[in-house]
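Geometric and topological summary
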Amino acid sequence: MTQTPEEVRAFLDGVTAWCRTGSQAHLLRAFRSRFSGVPHDVAAAYAVVARRSGDLLEAIGAGRLALSPDDRDAVLAFSKTVRSLRDLAEREESDDALAQRIAAAFAVTEARERPAAASAAEPFALAEALAPEPASGARGWKQHFSASALNTYAECPRKWYYRYLCAAIEDRSGGAATYGTAFHLALEDFHGEFPSPRAENADEMREKIPIYVNTAFEKYANLFDNRLEMELQKRRARRTAQRYVDWLVAEATRAPFTVIGRELEARLEMEGFAFVGFIDRLDRDDATGATSVVDYKTGIIAESAEEYRSDVLSFKDFQLPFYYWARTAEGDRVTRLALLPLKDALLDVRPVSLEVVAIPSVAPARPARRDASTTGVITIGELERARARMIEICRELASGNLTAFEVATDPSACRYCVYLNACAGRPNPEVEKFGR
Ligand code: SF4
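**Examining the site of the ligand**
Around the ligand, the surrounding shell holds 13 residues, and the nearest of these are Cys156, Ala408, Cys414, Cys417 and Cys423. Taken together, the residues that form the shell around the ligand break down as 10 nonpolar, no polar and 3 charged.

Okay, structure coming up:
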C-alpha cells in the first residue's frame, strides 16, 4: 500500500488529538483512514452509528453492527489499540513520542517527511513514462448495499464511484449534517419516553422535548464548527420540535398510534444481495394494526406526495421502497410511507406521505408534479418495480464489468458534492450555461 507522508501525518495527528482531548471527530477521522486496519465500508457504517450515539468505542463495544468475523476482529483490534494508546498518552508527555508509539502500533512506520527536494542547481534525470495499465472493469462491489448508496448511484454514478469504490475520504461533519444527527437522536430518545403520544400528554411532551433536544445537541457539540453554531442549531431544533409535537398531537387525535421502532435496523436479502439500513421510526395504528414507516428529514425533500412518488417511479429514491420490503419481509402490513420534514422552524410539520395500495387503478396513471398535496398513494406494483431496479443496480455494481461511471446529468447534483474539485467531467452549472 503506497502511503504519503501527509496521509500518515493526518492519521497520527488524529489519534494523538483523540488521546489528548477525547475528540470524537478526530477519532472518527482516524478510524476511517486506511491505516486503521478497518475496511472502509465498515468504518463508514460505524461512523454513522457513532455520530448518533456520540461515542465510537462504546458503539463498537456494544456490537451495534452485525459484521463478518474478519471485519469484527478488525474493528475490535482498532478499539483495543487506541484504548491502550490513550492509557499510554496519560503517561507520555511529548506528542512526538506518542506519535511514534501510534505509528508502531498501527505499523505506519514509513518516512513521515518528504525527501528533501533536489537543489535547483542539481541536474535531474527524466524518468521513463510507465506503460499504461491494461483497461479492465472496476472492482465488483462485494459488501452489503444500502438504499442511500443506490440513491447516490441513481443521482450520479461518478459520485458513487468516488464514495464507495475509491473510498475517497470525506469530511461530512459540519452544521447541517450534525443538526440532522442530533435531531434524530433527540427524537429517538423522546419516543422512548413517549411511545404513544396523546392529546392529554401534550403539555408534558412540550415540556420534555426541549430537554431531549438539548441533551442530544450537547452530545454532538464537538462536531459543530463552533459553540455559537451549535447554540443556533439547537435553538432551531427546539422550535421545530415544538411544531413536531403539534403534529404528533393532531395525528394521535386523528388516528391513535404507537411507536414500535426507533432507529430500527432493517436487513433484507434480495436475490442474493444483502441490504442494511435503519428506519427512523416505525408506527403501529392502534385501531387497525397497520404499520407506517416514518423517515425524518432535516434537509431538502420532495414538497408533495406526487413529487416523491415521481422520484420513486423514476428510480431516483429507493429508501422508503427498501424499508417497505424489509418490514413486509418481517411480517408487517405496511400501509404508509412518510417523509417527515424537520428542517424549518417557521413551518408547520406536514409529512409527505404515500398510502400503499394494492389496486393499480387507485393511483394516478402518471405522476402529476403539479399536484401539491402532501398525501398520495403508491401501488405495490410500483414498489415492486423499484425493488426490481434495486436488484438490477446491485447486479451492475457487483459484476466487476463496469468500465465507466457517468457524471450527473443534472448540474444541481454537483452543488454540494464533496468531489466537485476532483471531478473534471461534471456538467456546467445552470447559471454558466451561456457564459462559457
Ligand atoms: S461533481 Fe457532480 S458529476 Fe462530479 S461526482 Fe459530484 S455530483 Fe457527480
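So, next bit.
**What about the nonpolar core?**
In this structure, Trp160, Phe275 and Phe322 are the most contacted members of the largest nonpolar core, which totals 48 residues. Apart from residues lying up to four places away in sequence, Phe275 is in contact with Phe145, Ser146, Ala147, Leu150, Ala266, Arg267, Leu268, Met270, Phe322, Met390 and Cys394. Listed in part, the 36 residues of the second largest apolar core include Phe183, Phe224, Tyr244 and Val245.

**Things to note about the pairing of strand β2 (residues 273-285)**
The element β2 is largely enclosed, with a buried count of 10 among its 13 residues. Note that strand β1 (residues 257-270) and β2 share 12 bridges and pair antiparallel. When the bridges of β2 are listed, Leu268 appears paired with Phe275. Two successive antiparallel strands, β1 and β2, enclose a turn made up of 2 residues, where Glu271 displays a positive phi of approximately 50 degrees. Bridge analysis of β2 against strand β3 (residues 291-297) gives 4 bridges, and the strand direction is antiparallel. Bridge assignment links Asp283 to a residue of β3, and that residue is Ser292. From the end of β2 to the start of β3, which pair antiparallel, there are 5 residues, and Gly289 there has a positive phi angle of about 80 degrees.

Calculation rules
- Residues numbered from 1 in each chain as written.
- Predicted model: local features only at pLDDT ≥ 70, side-chain atom pairs only at ≥ 80, totals over all residues.
- Heavy atoms only, no water.
- Near = heavy atom within 4 Å.
- Nonpolar A, V, L, I, M, F, W, Y, C, P; charged D, E, K, R; others polar.
- Core = buried A, V, L, I, M, F, W, Y, C linked by side-chain atoms within 4.5 Å.
- Buried < 20%, exposed > 50% of the residue type's maximum accessible area, 1.4 Å probe, protein only.
- Contact = heavy atoms within 4.5 Å.
- Helix = DSSP H or I, 4+ residues; strand = E, 2+ residues; numbered from the N terminus.
- Pairing = 2+ DSSP bridges.

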